[in-house]
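Chain and residue survey
Residues per chain, in single letters:
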Amino acid sequence: MTAQIGTLIVVFILLVILFSSFVSVKQGTIVVITVFGKYRRILTPGLNFKIPFIENIYSKISIQNRSVELEFQAVTFDQANVYFKAMLLYSVLDQQEETIKNVAFKFVDDRNLMQALIRTVEGSIRAFVATKRQSEVLILRRDIVEHVKEQLDVILEGWGYHLQDLQLNDITFDDVIMKSMSQVVASNNLKAAAENEGQALLITKTKAAEAEGNAIKISAEAERQASQLRGQGVALFREEVAKGMSVAAKEMKDANMDTSVILFTMWTESIKHFAENSSGNVIFLDGSTDAMQQTMKEMMALNQLHATPSKSK
């Protein structure tokens, strides 16, 4: 009976030793092994063997990306308070043995690492913002991120980490500053709107003046052409009348008739035309013999004046 119990104890011990000799490491994790408190080696993902009771698991380090949210305050060069909300994304630099040793032994625990990381980021941003004015901070978001990454990359590499990304999700100021900034933006928008409205009005007035000027030019040109055509028509009419009178006078002269009859007929036709087309009610004519003879002489002189060029032709 005693031998059986001893055998069971030995088997149990062997089983414990056997199971403790194998370590299963999850994907995305690195296990640090120590021997009597001194670093020995690392175990990669999968099934690994270790010496029982001699090699101990010191820590399990995740090589996956990790993130942390930050909220802190900074002061600008012109003494304005700036409030930041940021998201920090970091990870283990690589899976090399020296890097894993730094991650495992540089800090006592993750809480101290996180505290150092957050304070380093905040200090870097505060130092950068302290050299800028309040009006410049909002447009320097990318510059702030690049400055922090440049400052932290060297420090974090010494700790075995790498800064993947830093996102400044929110940048705000005190309420008084926010209101004044809104008023500045509103006044600038009103100024721009007034300038745009003035430019539109100027363009409208200019185009209207140009259109009116062009219309006047077109109207003047049309009137000039119309006057020219009217003058040409009157000249042609007079020329044709003169030709007709000359022909009629020549025919009457050949027939031994008095040519003054033509002038008398024209005179009576003119009176008839006055009576039919005049807008007045009364036509004053000197109907005496002397006046008629004077009118006939003037018309005959006019006839002679037009007949002379015709003969010369």
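The rules we used
- Residues numbered from 1 in each chain as written.
- Predicted model: local features only at pLDDT ≥ 70, side-chain atom pairs only at ≥ 80, totals over all residues.
- Heavy atoms only, no water.
- Helix = DSSP H or I, 4+ residues; strand = E, 2+ residues; numbered from the N terminus.
- Buried < 20%, exposed > 50% of the residue type's maximum accessible area, 1.4 Å probe, protein only.
- Contact = heavy atoms within 4.5 Å.
- Pairing = 2+ DSSP bridges.
- Axes fitted to C-alpha atoms, helices over the stretch in contact; angles between N-to-C directions.
- pLDDT = per-residue confidence, 0-100.
- Salt bridge = Lys/Arg side-chain N within 4 Å of Asp/Glu carboxyl O.
- Core = buried A, V, L, I, M, F, W, Y, C linked by side-chain atoms within 4.5 Å.
- Phe/Tyr/Trp six-rings, centres within 6.5 Å; stacked < 30°, edge-to-face > 60°.
- Patch = residues over 30% accessible without salt bridge, like charges linked within 9 Å, V, L, I, M, F, W, Y side chains within 5 Å.
- Areas by Shrake-Rupley, 256 points an atom, 1.4 Å probe, with all protein chains shown as cover.
- Expected span 1.5 Å × (residues − 1).
- Arc of directions from axis to C-beta.
- Polar contact = N/O pair within 3.5 Å; in protein donor to acceptor, adjacent residues only side chain to side chain.

**Some words on the overall build of the protein**
- Helix and strand counts for the protein come out as eight helices and eight strands.
- Burial status across the protein gives 25% buried among its 313 residues.
- By sequence separation, contacts in the protein at least 24 residues apart represent 65% of the contacts at least 6 residues apart.

**Focus on the sheet that holds strand 3 (residues 38–43)**
- On the basis of which strands lie adjacent, the open sheet formed by three strands has the order 3-2-5 and antiparallel pairing. In this open sheet, the two edge strands, each paired with only one partner strand, are strand 3 and strand 5 (55–62). Averaged over all pairs of adjacent strands, the angle between strand axes in this sheet comes to 30°, irrespective of strand direction.
- In this sheet, strand 5 lies alongside strand 2 (residues 29–35) in antiparallel orientation, the contact comprising seven bridges.

**Observations regarding the confidence of the model for the protein**
- Residues at a pLDDT of 70 or more form 75% of the protein, whose mean pLDDT is 78.
- Per-element mean pLDDT across the protein ranges from 60 in helix 8 (residues 289–312) up to 92 in strand 2.

**Digging into the pattern of salt bridges**
- Scanning all chains against the criterion turns up six salt bridges.
- The salt bridge partner of Arg-126 is Glu-122, with a shortest N-O separation of 3.5 Å. In this pair, Arg-126 and Glu-122 are both assigned in helix 3 (residues 110–129), four residues apart and thus about one turn of the helix distant.
- Exposure remark for Arg-126: the relative accessible area of 34% places this residue in the partly exposed category.
- The residue Lys-207 makes a salt bridge to Glu-210 at a minimum N-O spacing of 3.9 Å. In this pair, Lys-207 and Glu-210 are both assigned in helix 6 (residues 175–254), three residues apart and thus about one turn of the helix distant.
- Overlapping salt bridges, with partners in common, bring together Arg-40, Arg-41 and Glu-55 in one network.

**Some words on the sheet that holds strand 8 (residues 161–173)**
- Pairing is antiparallel in the open sheet, where three strands are placed in the order 6-7-8. What marks the edges here is a single partner per strand, and that holds for strand 6 (66–75) and strand 8. In this sheet, adjacent strand axes meet at a mean angle of 20° when their direction is disregarded.
- Sheet topology places strand 7 (residues 81–92) next to strand 8; eleven bridges connect them, and they run antiparallel.

**Focus on the nonpolar core**
- Membership of the largest hydrophobic core comes to 39 residues, with the highest contact counts inside it found for Phe-84, Ile-125 and Ile-144.
- Where this core is concerned, the elements lending two or more residues are strand 2, strand 3, strand 6, strand 7, helix 2 (97–105), helix 3, helix 5 (141–159) and strand 8.
- A per-element tally of this core places helix 3 first, with seven residues.
- Once residues within four sequence positions are removed from consideration, Phe-84 is found in contact with Leu-70, Glu-71, Phe-72, Ala-74, Ile-125, Val-129, Val-137, Ile-144, Leu-168, Asp-170 and Ile-171.

**Notes on the packing of aromatic side chains**
- With the rule as written, the count across this model stands at six aromatic pairs.
- Measuring from centroid to centroid gives 5.8 Å for Phe-22 and Phe-49, while their planes differ by 70°, and the two rings are edge-to-face. Residue Phe-22 is found in strand 1 (residues 22–25), and its partner Phe-49 is found in strand 4 (residues 46–49); the two are separated by 27 residues along the sequence.
- The class for Phe-22 is partly exposed, based on a relative accessible area of 41%.

**Overview of a nonpolar patch on the surface**
- On the surface, a nonpolar cluster with roughly 800 Å² of combined accessible area is contributed by Phe-22, Phe-36, Leu-47, Phe-49, Ile-51, Phe-53 and Ile-54.
- Structurally, the position occupied by Phe-53 is in the loop between strand 4 and strand 5.

**A few points about helix 3**
- The end-to-end C-alpha distance of helix 3 is 28 Å, a good match for the 28 Å that 20 residues give at a rise of 1.5 Å each.
- Of all the positions in helix 3, only Leu-113, Leu-117, Ile-118, Val-121, Glu-122, Ser-124, Ile-125, Phe-128 and Val-129 are classed as buried. An end-on view of helix 3 places all buried positions within 160° of arc, on one side of the element. Residues of helix 3 that are exposed and point more than 90 degrees away from the buried face comprise Arg-111 and Arg-119.
- If you follow the buried residues of helix 3, they end up packed against strand 6, strand 7, helix 4 (134–137), helix 5 and strand 8.
- A side-chain oxygen of the first residue of helix 3 lies 3.3 Å from the backbone nitrogen of Arg-111; this N-cap is Asp-109.

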